[in-house]
Amino acid sequence: MPLVYMFQQDNDGKHTDQINKDWLIWNISQQLRTPPHSPDLNLIEHWLEILKKTGWRVGIALAFYAQGCGLVVEVDNRIPECQFGFRKGRSTLHAISYLIEQIENTLRHPGKKYHVVFVDYCKAFDLINRETLIRKLSNMIGESHALTTIIADILSCNYIQISDEITLSNKIIQTNGVLQGDPISPVLFNIMTTDITKITEDTTASMIMYADDMAIGSSNIEELQQVLNKLVRWAEENSLQINHQKTKQMNFRNGGKQRKKDTLTLQNEPLEVVQKFKYLGVTLQTTLKSYRIHIQERAAAAIKAMYNIKNLQQLETKMAMTLFRSAIAPIATYGLNIIWGNLTVSDMGKIERVNSSFMKRVLGVGRTTLSRLTYELMKERFFIEDIRTQLCMPNTPAYEKALEVLRGKKNAIWSEFYITDAMTTRDWANTNYELRHIVTRYAVHGFHHKICTTKRYHEPNDECVCELCQKPCGRYHVENCRESKTSLTNFCKD
């Protein structure tokens, strides 16, 4: 297929004279018109001027745009393999998976333990010594490299001012740190920590990093203590501070009590030993056989995000489920691809309830509505089925059992449900259908509890009697009761 080019130029005088215009009309068919009074399109020509006007944050982004993000290419093969942060083809889940693999390999041996220290730095990005950073960059790609020169110029110093909207402070010189949120700052932090792996040399300890989130582990607690001592010295040499209060220790084991001698020290103070820790979004527990807490946290986070979406009942049902899969499902399923084999039937049920809770809000029915009915009304598969298919996960005994329970409940749905208006028509599923909640609520409970002598919500039975006509009161009796004068709309208001 031939390449198609689009010709573009700015409105400089030599480009807009009549001779050039005439030539372009006859010789260049594909032209991108430039609006009058537009700035020069070639930003690279003016990046230094923009740098002076807008400050180093914009300038650094523009500088690396001009260099084609060359820094990432230049330094990536020099970054340690244990650094997973902000590198192509790597993610937080890769880092977590590697850590879990290290722990599981150790715990396969009877009586073995794996000790991990999760290290937290105080204001890691803010305290970076820029001189040290430039020196390390120079050692990596050369002092005369264009990128080294650009970085050195940008990080030489900058000025900040504080405003309370009344007065403006004097300029404050800033010579330390890189901006959090700046697109190039994570790469600079990776450069700053390239030599940290030296502390684990000649030991069995392993290190995992995602930017400044660090985990150091070993089955040999004496070696791990030596590594921690080296880490303290490295941090001092590089002007970084370890946050003792947020740095935690976990001792992974197959069982048994925590021993006092298994406690490590940091700067001569004992570390807090915890029974669970959230590392890069996945909550780990000591035996690594259960992820109950992680599932609870993911489900809670997904439901919280769900309630931030307004007017779900007004959306078309298919659009609502598309929204669920793009905005809610990723929150609920984070990390499941690496812990799938450890999930229990109970875990599967908690994940499933995230989907059913969302669909109940779309349908406009109560939280106590039977979840099996929502799947039929929405014409959706079970959530765990979608997860397994999307993540290409294997069948596990827990998955098979959970699916069997769900299908069994679905098969127990009463036959009258399938002849209600909600199941025989789909108008209510369209956008902005005002009476959706009336149609769906009638299908799921028939407003039985509104006319039954037993006022609390309950499943209809042979003892139910209509308080209006004193006849047996079935689930959908309200539709046939001749004494009922209340509309379904008013039933919904009560």
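Residues numbered from 1 in each chain as written. Predicted model: local features only at pLDDT ≥ 70, side-chain atom pairs only at ≥ 80, totals over all residues. Heavy atoms only, no water.

Going by what an unreviewed UniProt entry lists, the chain is known as Reverse transcriptase domain-containing protein and is assigned to Periplaneta americana.

By the definition in use, this model includes 14 aromatic pairs. Ring geometry for Tyr442 against Tyr476: centres 5.2 Å apart, planes inclined by 45°, an arrangement best described as tilted. Highlighted residues: Tyr442 in helix 19 (residues 436-445) and Tyr476 in the loop between helix 20 (448-451) and helix 21 (488-493), separated in sequence by 34 residues. Its relative accessible area of 10% is what places Tyr442 among the buried residues. Taking the centre distance of 5.8 Å and the plane angle of 20° together, the rings of Phe447 and Phe491 count as stacked. Taken together, the residues span a long stretch of sequence, with Phe447 in the loop between helix 19 and helix 20 and Phe491 in helix 21 at a distance of 44 residues. (Phe/Tyr/Trp six-rings, centres within 6.5 Å; stacked < 30°, edge-to-face > 60°. Helix = DSSP H or I, 4+ residues; strand = E, 2+ residues; numbered from the N terminus. Buried < 20%, exposed > 50% of the residue type's maximum accessible area, 1.4 Å probe, protein only.)

So, on to helix 15 (residues 371-378). What sets the pattern is the α-helix's 3.6 residues per turn: residues three or four places apart point alike. Burial analysis of helix 15 places six of its eight residues in the buried class, which makes it a mostly covered element. Those residues of helix 15 not exposed but buried are Leu373, Thr374, Tyr375, Glu376, Leu377 and Met378. The secondary structure elements touched by the buried residues of helix 15 are helix 12 (317-332), helix 14 (345-363), helix 16 (383-391), helix 17 (397-411), helix 18 (421-424) and helix 19. Just downstream of helix 15 lies Lys379, where phi reads positive at about 55°. (Contact = heavy atoms within 4.5 Å.)

Now for the environment of Lys136. Mapping Lys136 onto the fold places it in helix 7 (residues 130-141). Its relative accessible area of 7% is what places Lys136 among the buried residues. Along the primary structure Lys136 and Thr148 are separated by 12 residues, whereas in three dimensions their C-alpha atoms are 10.0 Å apart. Lys136 has contacts with Ile191, Met192, Asp195, Trp234 and Asn238, leaving out every residue within four places of it along the chain. At 2.6 Å, the side chain of Lys136 forms a polar contact with the side chain of Asn238. (Polar contact = N/O pair within 3.5 Å; in protein donor to acceptor, adjacent residues only side chain to side chain.)

What follows concerns the environment of Gly335. With respect to the helices and strands, the residue Gly335 is situated in the loop between helix 12 and helix 13 (336-339). Dropping the residues within four chain positions of it, Gly335 is found in contact with Leu93 and Val282.

The next subject is the packing of helix 7 against helix 8 (residues 146-155). One can describe the packing of helix 7 onto helix 8 by two numbers: an axis separation of 10 Å at closest approach and a directional angle of 175°. Considering their axes alone, helix 7 and helix 8 lie roughly antiparallel with respect to each other. Residue-level inspection shows Arg130, Leu133, Ile134, Leu137, Ser138 and Ile141 of helix 7 in contact with helix 8, the latter providing Leu147, Thr148, Ile151, Ala152 and Leu155. Partitioned by chemical class, the residues of the contact of helix 7 with helix 8 number eight nonpolar, two polar and one charged. (Axes fitted to C-alpha atoms, helices over the stretch in contact; angles between N-to-C directions. Parallel < 35°, antiparallel > 145°, perpendicular 65-115°, else oblique. Nonpolar A, V, L, I, M, F, W, Y, C, P; charged D, E, K, R; others polar.)

What the five strands build is an open sheet, ordered 6-7-3-8-11; its pairing is mixed. In the strand order of this sheet, the two ends are held by strand 6 (206-210) and strand 11 (272-273), each with one partner. Here five bridges tie strand 3 (residues 114-119) to strand 8 (residues 248-252), and the two strands are oriented antiparallel to one another. Bridge assignment links Tyr114 to a residue of strand 8, and that residue is Phe252. (Pairing = 2+ DSSP bridges.)

Now for the pattern of salt bridges. Two side chains carrying opposite charge are able to pair once their charged atoms lie near each other. Inspection of every chain in the model, using the stated rule, returns 10 salt bridges. The salt bridge involving Glu297 is made with Lys278; its shortest N-O contact spans 3.7 Å. Of this pair, Glu297 sits in helix 11 (residues 292-306) while Lys278 sits in strand 12 (residues 276-279), and the two are 19 residues apart along the sequence. Among the residues examined, Glu297 registers a relative accessible area of 26% and is labelled partly exposed. (Salt bridge = Lys/Arg side-chain N within 4 Å of Asp/Glu carboxyl O.)

Next up on the list: the side chain of Thr132. With respect to the helices, strands and loops of the structure, Thr132 is situated in helix 7. Thr132 sits in the buried class, given a relative accessible area of 10%. The contacts of Thr132, once residues within four sequence positions are left out, are Met192 and Asn238.

Before going further, it helps to examine unusual backbone geometry. Glycine aside, the phi torsion of most residues is negative, and most peptide linkages are trans. Phi at Lys123 is positive, roughly 50°, even though this residue is not glycine. Relative to the helices and strands, Lys123 resides in the loop between strand 3 and helix 7. Residue classification places Lys123 among the exposed residues on the basis of a relative accessible area of 59%. With a phi close to 60°, Ala211 is a non-glycine residue in the positive phi region.

Turning our eyes to something else, we now look at a nonpolar patch on the surface. Together, Ile160, Ile162 and Ile172 make up an exposed nonpolar region whose accessible area comes to about 250 Å². You can see Ile162 is positioned in the loop between strand 4 (158-160) and strand 5 (172-174). (Patch = residues over 30% accessible without salt bridge, like charges linked within 9 Å, V, L, I, M, F, W, Y side chains within 5 Å. Areas by Shrake-Rupley, 256 points an atom, 1.4 Å probe, with all protein chains shown as cover.)

This next bit is on the pairing of strand 13 (residues 282-285). Alternating residues of strand 13 divide into Val282 and Leu284 and Thr283 and Gln285, and every residue in both groups is buried. Pairing of strand 12 with strand 13, which is carried by four bridges, proceeds in the antiparallel orientation. Bridge pairing links Lys278 to Thr283 in strand 13. Count of turn residues in the strand 12/strand 13 antiparallel hairpin: two residues, of which Leu280 carries a positive phi of about 55°.

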